Every structure is written in C-alpha cells, then in structure tokens.
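A structural walkthrough
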Amino acid sequence: MVERGDVIIIDSGSTTLQLARNLRNRTEITVITNALNVASELSKSDIKIILTGGEMDLDSLTLVGPLADEILQKISADKLFMGIDAVDFTSGLTTPSILEARTTNMMMQASGERILLVDSSKFGRRSLAVVSKINLVDKIITDDKLDKAEIKKFEAAGVEVIVV
C-alpha cells in the first residue's frame, strides 16, 4: 500500500511500529510521524523523516498536543497508517488520552486515505477520548480473529476491511 513517491503519516503504536520495520528498505517516500520509536526505526534507512514536534508522552514516546497539531494543519499526506486503543462501531475510534485523540484526528484531516492497523482484540472496546467516527476510516487491516458479522457492519458503513 506504500508506493514510491508517497508521503505517509505513521501514527504511534506497536502495530504501526511493525509497519515502519517493514518499510526500512523503501526509498523515495516521506514519513511524517509523532512516534519517536517509528522515527528511530526509520533512521536506519534512506526514508525522509519528518517529526511533528509537540509534548512528549513519556509512556508511549509519542509527540502530541498543540505544537504537533499546528504542524499537522500545515501538511498534506497521501496516506495515514494509524493504530488505536479501542474500536467500537457506535463510538468510533477512541483512546485514553485527550491530547492524543486530537493529534490523531489532525493526522486524519491531513491525509487523503486513512488506514487503521488494529488487531481484533481492540474491537468492541471504548476509551475516554473520541478520535473520530468509524465512517472517516477508509480501510481497516486486522487479523483473522475478527467476527465476520463485525466485518460486515464496517463494510456496510463504507469501510474496506482487509484480513491478514
């Protein structure tokens, strides 16, 4: 899903870190990220890396808050690859941090295509801060443990579900 010349945003999270590991051998792409571990992983490659800046969450090593949001308002990306703490069809995408929710929402606004990388354990859960409703996601990439009825609900809402 990442093509030569793409400008992509990679959000923080363990699944998105795995994506970064798989991109290390790519060239001619630009990665914008708020995740210090993603930036560190990609620093061993020829990929152009842009960090958002912002206040560092010491638990997740993620940059969030008004400074990160301001940068995200000034950029445009082809694709966003995001992780999330909880996905509920009614509540949408949620996370425990209000600052992180806002920054992830800004990433969504800056991206042409929004791709959610999330394992099946995150579905049917809710957390404190709403990032967005589910219909603002273009694709969900998940594992084969997600219930088929749940997949059909997301597809009916216009979200492509890719099971790997």
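Below you will find a few notes about this structure. Model, not experiment: these values are computed from the prediction.

Cut-offs and rules
Residues numbered from 1 in each chain as written. Predicted model: local features only at pLDDT ≥ 70, side-chain atom pairs only at ≥ 80, totals over all residues. Heavy atoms only, no water. Pairing = 2+ DSSP bridges. Helix = DSSP H or I, 4+ residues; strand = E, 2+ residues; numbered from the N terminus. Axes fitted to C-alpha atoms, helices over the stretch in contact; angles between N-to-C directions. Core = buried A, V, L, I, M, F, W, Y, C linked by side-chain atoms within 4.5 Å. Buried < 20%, exposed > 50% of the residue type's maximum accessible area, 1.4 Å probe, protein only. Contact = heavy atoms within 4.5 Å. Arc of directions from axis to C-beta. Polar contact = N/O pair within 3.5 Å; in protein donor to acceptor, adjacent residues only side chain to side chain.

The parallel open sheet is built from seven strands, whose spatial order is β3-β2-β1-β6-β9-β11-β12. Sheet topology places β3 (48–51) and β12 (160–163) at the edges, where each strand pairs with a single neighbour. Averaged over all adjacent pairs, the angle separating strand axes in this sheet is 20°, with direction ignored. Of the strand pairs in this sheet, strand β6 (residues 77–82) and strand β9 (residues 111–117) are connected by five bridges, and their pairing is parallel. Bridge assignment links M82 to a residue of β9, and that residue is L116.

For the rest of this paragraph, the subject is the nonpolar core. Core analysis: the largest hydrophobic core is formed by 27 residues, its most contacted members being V87, L93, L116, V137 and I140. For this core, the leading source of residues is helix α4 (residues 98–109), giving four residues. For I140, the contacting residues outside a window of four places in its chain are L116, V118, F123, I134, F154, V159, E160, V161 and I162. By size, the runner-up hydrophobic cluster in this structure holds 17 residues, among which are L19, I47, L117 and I141.

In this section: helix α5 (residues 148–156). Buried within α5 are the following residues: E150, I151 and F154. The buried residues of α5 occupy an angular sector of 100° when the element is viewed end-on, so they sit on one face. Seen from the buried face of α5, the exposed residues on the opposite side, beyond 90 degrees, are K148, K152 and A156. Contact partners of the buried residues in α5: β7 (86–88), β11 (139–142) and β12. Among the residues of α5, the N-terminal cap falls to D147, whose side-chain oxygen and the backbone nitrogen of A149 are separated by 3.1 Å. Phi turns positive one or two residues past the end of α5, at G158, with a value near 90°.

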